[in-house]
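Next come the chains, spelled out residue by residue.
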Amino acid sequence: MKSAVLVFPGSNREGDVARALEHVSGSKPALVWHAETSLPAGTDLVVLPGGFSYGDYLRCGAIAARAAIMDAVRDHAARGGLVLGICNGFQILCESGLLPGVLVRNARLRFICREALLKVERNDTPFTRRYSKGAIVRYPVAHGEGNYTADAETLKRLEDEGRVVFRYVMADGRRDDTQVLNGAANSIAGIISEKLNVLGLMPHPENHVDPLVGPTDGRAMFESLVGALERA
Amino acid sequence: MKARVLVTLKSAVLDPQGKAIEGALRSLGVPGVASVRQGKVFDVELDGNDPAKAEATLKDACEKLLANTVIETYRIEFVG
Amino acid sequence: MKARVLVTLKSAVLDPQGKAIEGALRSLGVPGVASVRQGKVFDVELDGNDPAKAEATLKDACEKLLANTVIETYRIEFVG
Amino acid sequence: MTAHEPKITPELIADHGLKPDEYQRILKLIGREPSFTELGIFSAMWNEHCSYKSSRLHLRGLPTKAPWVIQGPGENAGVIDIGDGQAAVFKMESHNHPSYIEPYQGAATGVGGILRDVFTMGARPIAALNALRFGDPKHPRTRHLVAGVVAGIGGYGNSFGVPTVGGLVGFHTRYDGNCLVNAMAVGLADTDKIFYAKATGVGLPVVYLGSKTGRDGIHGATMASAEFGEGAEEKRPTVQVGDPFAEKLLLEACLEIMAAGCVVAIQDMGAAGLTCSAVEMGAKGDLGIELDLDNVPCREEGMSAYEMMLSESQERMLMVIAPGKEEQAEAIFRKWGLDFAIVGHTTDNLRFVVKHKGEVKADLPIKELGDEAPLYDRPWTETPKQQRIDPASLDITATIPGALERLVGSPDFASKRWIWEQYDHIILNNTVQRPGGDAAVVRIDDGPKGLAITCDVTPRYCEADPFEGGKQAVAEAWRNITAVGGKPLAITDNLNFGNPERPEIMGQLVGCLRGLGEAARELEFPVVSGNVSLYNETFGRAILPTPTIGGVGVLADVEKMATIDFKDNGEIILLVGE
Ligand SMILES: Nc1ncnc2c1ncn2[C@@H]1O[C@H](COP(=O)(O)OP(=O)(O)O)[C@@H](O)[C@H]1O
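Computed from a predicted model, the values in this text were never measured in an experiment.

What to know about the overall build of chain D
Consideration 1: Helix and strand counts for chain D come out as 19 helices and 21 strands.
Consideration 2: Overall, chain D is about 80 × 50 × 45 Å in size when its C-alpha atoms are taken along their principal axes.
Consideration 3: For chain D, the residues scored as buried account for 60% of the 578 residues in total.
Consideration 4: Residue pairs in contact within chain D that sit at least 24 positions apart in sequence constitute 83% of those at least 6 positions apart.
Consideration 5: Taken as a whole, chain D presents about 23100 Å² of accessible surface, with 53% of it coming from carbon and sulfur.

Next up, the structure:
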């Protein structure tokens, strides 16, 4: 698997996700600077990592979404290439129009770092095939602006098309939109593109791959990707 | 020349910051505030002195960067 | 009645956001922007119709909450 | 220009915090009346913060050496050997007063400052901690301060990308008018790649890096003489705004430039920015420094030499660049979008010369600026021994469940989860023991080695008996590290006290330092860095004596660490100790 992790000024989880990818796939991803105009030849997977690109000034992800490298990411996605945006990466994908909607400040206006329970809504995507459908997984969140918002029409379309892949749930596995840790509409934690090749999510699977530092529920996402790319 | 760009949330979009401020004002004992919505203002200094050109530049800036038109609207004003 | 409160950083205070936006506009090829400073705008809906009372309320709100007068200044405007 | 500068009057001298006898010292040292800029430079170098004039004498009693200590106090941060060619670099520093004025920015820039201290040494920060003290929860300002400080610490650390893994929070009415914000950072470096402030080589370029200089944090003196500057209509803020984004870029650029072999000496521009950093680099290397302020990147128009020398704008560094490496260094900085300017050079005449617009604004002996700073043996009185409380004299009506409830419900003992959940404590994927235990444990690289880190002090013990309280703080840090399975190695301290000109406060400082020193010596737990914050009092009411201790230890194998929770039903509980 050839993966590329983008680095914007202010990215800060590029190391975490590169480490997780290497851990699971055995090969080191390329780190690609935002000012580049192309991806390394043969890139299968592009990852937009967490962090505070450009300080998250103006709006989270807004400035990074307009970086030089993003045209190459758009082309890659249009060709059906895989794109994963985590946290700030998700925010960038929304700002760049690769995914619909926007992430605004957490409802309680505070940064929040804790473990969240998520329901895997579907396992027929390249990102989730190693999970069982409906599985409840534990990923940490660490964000101040993870409150997913979109207009009613967009939300309906996402739901009708089954494009919500991860949803925040309560300890008993129930969804409760009034109790979402960040206020996200429909308890949305992660969504996918129509062609199922671009995934954005707020929680951090890359921080839950190593048993020494926490649960390992995030591993299966990277294993899914390795599997998907081997088959392709 | 100087201009001001106001970027505010569309009225249908929920504004948690505004809501929080309403609540805080109430608990601080500031009465008579019915609602608050928070937005951004950009004070921009432009080269040159041509208002039409300045307006075009700012529109471009808003569309390309300053506003996220999914949830926000913008307004350009010239001051002094 | 409706009012608008503008809260901006004092001119000597560093505005990292404005700085980042200037840089981004430059690299997006929006020419002619010399400087940008970012502030906040609050669109406030007030009970009653007495401008003097409204002004007093808003001043109170600014001093107590909306502005941090250590680094920011505020301005109250009535619209419409 | 010179015509606009204020005359040196007794009032102006007092505004600069210089006592009449200190001014006499200046006259004797340079043999003439100082210029306005020179007065500013002296005030910066000789204030309590830079010169440690009240505490220096007593700090000498602290043990600072051990076979594993690579660098003790005196540099930007302390350095200890943790084996395998690796070093831990750490320090704690206060940002109390700015945080009281503007809690968010004050705390944020406090975190920024301590992170810079660590990466200036060539270390990549791997963990941050914070020790906070607030007033009575019922005091009208407390809530505002707590919310702002916590958000500011998180806001800076989260964006910078370092995990905030621990700390402490306490409340007491004696902090009503003076909250304490002590920030600690720990970094990791190779033992053979540590960078110091000491400049070597004559005629080498002195380079300014980072953000631009503004009129931030220029103290009261300028306010009093604001009529000669621009923008006098607005009272100038004394609080700086932090830019964690710029700092993150500065970190990456500095580490890159160091790895490329471009750096001879490096110093962070912290308090009294350009002045302290330039003087320190020169004085430590037995070299003179000549600065030409025309090249200093400025954020505001018309800044005077005085203002540039005293500005406390954040996210800036000063470096001496290796011969022939200017271009390479500049390219790295430009790539990260940061300012880079050659603002001076090293000389062999041991003078600190500052030029601006063709005029010499200052010409001072560089070593004496530091070496000849006042040193006070302030009078102090021993803190009176407290009466032993006779248990029989107490009216004990509380039931055990009632007492337990009160304890658990007190703000000091209540869960701090809502605080540390606002800090990203897992980033970098090495936090093996998250907040909530006795000490945080952070894995080094892929392990199995790790560091155990903790912050401790119990101010009411220090108030009751400074000597015992100082000892206890060190001992508690030691215990917290051993409790997770670490071997304690060294400490940093942050000494927060009231006005040292009052003998009883000075007595607390002296007592705590003796206790701290004795415990550190006894446990072979040396002090490798620290910070002193005095004058924490309002209307003559001082804070509780608060010598915060930051302890660092090493674990050979983090998989063997101990955690605080009971693991199973029916297990045996042992109580160890006296
Ligand atoms: N300001 C803070 N920042 C980060 N973590 C904190 C802070 N205050 C307390 N904690 C964490 O909360 C836990 C409990 O702290 P505390 O009540 O002081 O316990 P103890 O007295 O056992 O050290 C510790 O793990 C500590 O690191």
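Quick notes on the packing of aromatic side chains
Residues and elements named next belong to chain D.
Consideration 1: Inspection of every chain in the model, using the stated rule, returns 11 aromatic pairs over all chains.
Consideration 2: Aromatic pair phenylalanine 42 and tryptophan 46: ring centres 5.0 Å apart, planes at 70 degrees, arrangement edge-to-face.
Consideration 3: Look at phenylalanine 333 and phenylalanine 340: their rings are 6.2 Å apart centre to centre, the planes differ by 45 degrees, and that puts the pair in the tilted class. You'll find phenylalanine 333 and phenylalanine 340 in the same group, each marked buried.

Here we look at the interface of chain C and chain D
Consideration 1: Facing the 11 residues of chain C at the interface are 14 residues of chain D.
Consideration 2: The contact between chain C and chain D buries some 1200 Å² in all, and 62% of this surface belongs to carbon and sulfur atoms.
Consideration 3: Looking only at chain C, the three residues that lose the most surface to chain D are Ala12, Leu14 and Val70 of chain C, adding up to 45% of its buried area.
Consideration 4: Run the count over chain C and chain D and you get one salt bridge.
Consideration 5: Note that aspartate 243 of chain D and lysine 19 of chain C form a salt bridge whose closest N and O atoms lie 3.5 Å from each other.
Consideration 6: One can count three residue pairs in polar contact (both at pLDDT 80 or more) joining chain C with chain D.
Consideration 7: Of the residues contributing to the side of chain C that touches chain D, the split by class is six nonpolar, three polar and two charged.

A closer look at the UniProt feature "active site" (unreviewed entry) in chain A
All names here are of chain A.
Consideration 1: UniProt records the feature "active site" (unreviewed entry) at Cys87, His204 and Glu206, using the numbering of this structure. Taken along the chain, the residues just named run across 120 residues; in space they keep tight, none of their C-alpha pairs more than 11.0 Å apart.
Consideration 2: Topologically, cysteine 87 is positioned in the loop between strand E4 (82-86) and helix H3 (88-95).
Consideration 3: On the accessibility criterion, cysteine 87 (5% relative accessible area) is buried.
Consideration 4: With residues up to four places along the chain from it excluded, the contact list for cysteine 87 reads Gly50, Ala142, His143, Leu201, Met202 and His204.
Consideration 5: Assignment of secondary structure puts histidine 204 in the loop between strand E11 (198-201) and helix H5 (219-231).
Consideration 6: Polar contacts involving the side chain of histidine 204 include one to the side chain of glutamate 206, which spans 2.8 Å.

Structural notes on the site of the ligand
Residue and element names in this part refer to chain D.
Consideration 1: As a structural note, the neighbourhood of the ligand is formed by Asn130, Leu132, Gly166, Gly167, Leu168, Val169, Lys416, Trp420, Tyr423, Pro435, Gly436 and Gly437.
Consideration 2: A distance of 3.4 Å is found between an oxygen atom of the ligand and a side-chain nitrogen or oxygen belonging to lysine 416.
Consideration 3: A distance of 2.9 Å separates an oxygen atom of the ligand from a polar atom in the backbone of glycine 437.
Consideration 4: Look at the ligand: alone it shows 550 Å² of surface, and the protein chains cover 77% of it.
Consideration 5: Every element with two or more residues in the shell around the ligand is listed here: strand E4 (124-134) and strand E5 (164-171).
Consideration 6: Of all the elements, E5 adds the most residues to the shell around the ligand, at four residues.

Section: the interface of chain C and chain B
Consideration 1: Each partner contributes to the interface: chain C provides 33 residues, whereas chain B provides 33 residues.
Consideration 2: When residues of chain C are sorted by the area they lose upon contact with chain B, Arg4, Val41 and Leu65 of chain C head the list and together hold 16% of the total.
Consideration 3: Where chain C packs against chain B, one counts two salt bridges.
Consideration 4: With its nearest N and O atoms 3.5 Å apart, the salt bridge here joins glutamate 77 of chain C to arginine 4 of chain B.
Consideration 5: Viewed at the interface, chain B and chain C are joined by 11 residue pairs in polar contact (both at pLDDT 80 or more).
Consideration 6: Mapped onto the side of chain C that touches chain B, the elements with two or more residues apiece are strand E1 (2-9), helix H1 (16-27), strand E2 (33-46), helix H2 (51-66) and strand E3 (72-78) of chain C.
Consideration 7: No other element matches the 14 residues that E2 of chain C contributes to the side of chain C that touches chain B.
Consideration 8: Its residues assigned to classes, the side of chain C that touches chain B comprises 17 nonpolar, six polar and 10 charged.
Consideration 9: Here 13 bridges tie strand E2 (residues 33-46) of chain B to E2 of chain C, and the two strands are oriented antiparallel to one another. The residue of E2 of chain C that forms the bridge with valine 33 of chain B is leucine 46 of chain C.

A closer look at the arrangement of the chains
Consideration 1: When the five pairs of chains in contact are ranked by number of contacts, first place goes to chains B and C.
Consideration 2: Chain B shows no contact with chain D. Their nearest C-alpha atoms sit 11 Å apart.

A closer look at the pattern of salt bridges
Consideration 1: One pass over the full model with this rule turns up 70 salt bridges over all chains.
Consideration 2: Glutamate 72 of chain B is paired through a salt bridge with lysine 40 of chain B; the nearest N and O atoms lie 3.6 Å apart. Taken together, the residues glutamate 72 of chain B in strand E3 (residues 72-78) and lysine 40 of chain B in strand E2 connect sequence positions 32 residues apart.
Consideration 3: Glutamate 72 of chain B sits in the buried class, given a relative accessible area of 7%.
Consideration 4: One salt bridge connects lysine 560 of chain D with aspartate 557 of chain D, and the closest N-O pair in it is separated by 3.4 Å.

Some thoughts on the sheet that holds strand E14 (residues 431-433) of chain D
All names here are of chain D.
Consideration 1: Taken in spatial order, the six strands line up as E14-E15-E16-E21-E17-E18 in an open sheet, and their pairing is mixed. In the strand order of this sheet, the two ends are held by E14 and strand E18 (527-533), each with one partner. Between one strand axis and the next, the sheet turns by 25 degrees as a mean value, whatever way the strands run.
Consideration 2: Relative to E18, strand E17 (residues 487-496) is paired through six bridges, and the arrangement is parallel. The residue bridging leucine 495 from the neighbouring strand is valine 532, located in E18.

Reading the values: rules and limits
Residues numbered from 1 in each chain as written. Chains lettered and ligands numbered in written order. Predicted model: local features only at pLDDT ≥ 70, side-chain atom pairs only at ≥ 80, totals over all residues. Heavy atoms only, no water. Helix = DSSP H or I, 4+ residues; strand = E, 2+ residues; numbered from the N terminus. Buried < 20%, exposed > 50% of the residue type's maximum accessible area, 1.4 Å probe, protein only. Contact = heavy atoms within 4.5 Å. Areas by Shrake-Rupley, 256 points an atom, 1.4 Å probe, with all protein chains shown as cover. Phe/Tyr/Trp six-rings, centres within 6.5 Å; stacked < 30°, edge-to-face > 60°. Buried area = accessible area lost by both parts, 1.4 Å probe. Salt bridge = Lys/Arg side-chain N within 4 Å of Asp/Glu carboxyl O. Polar contact = N/O pair within 3.5 Å; in protein donor to acceptor, adjacent residues only side chain to side chain. Nonpolar A, V, L, I, M, F, W, Y, C, P; charged D, E, K, R; others polar. UniProt positions renumbered as here; feature names shortened; annotations may be inferred. Near = heavy atom within 4 Å. Pairing = 2+ DSSP bridges. Axes fitted to C-alpha atoms, helices over the stretch in contact; angles between N-to-C directions.

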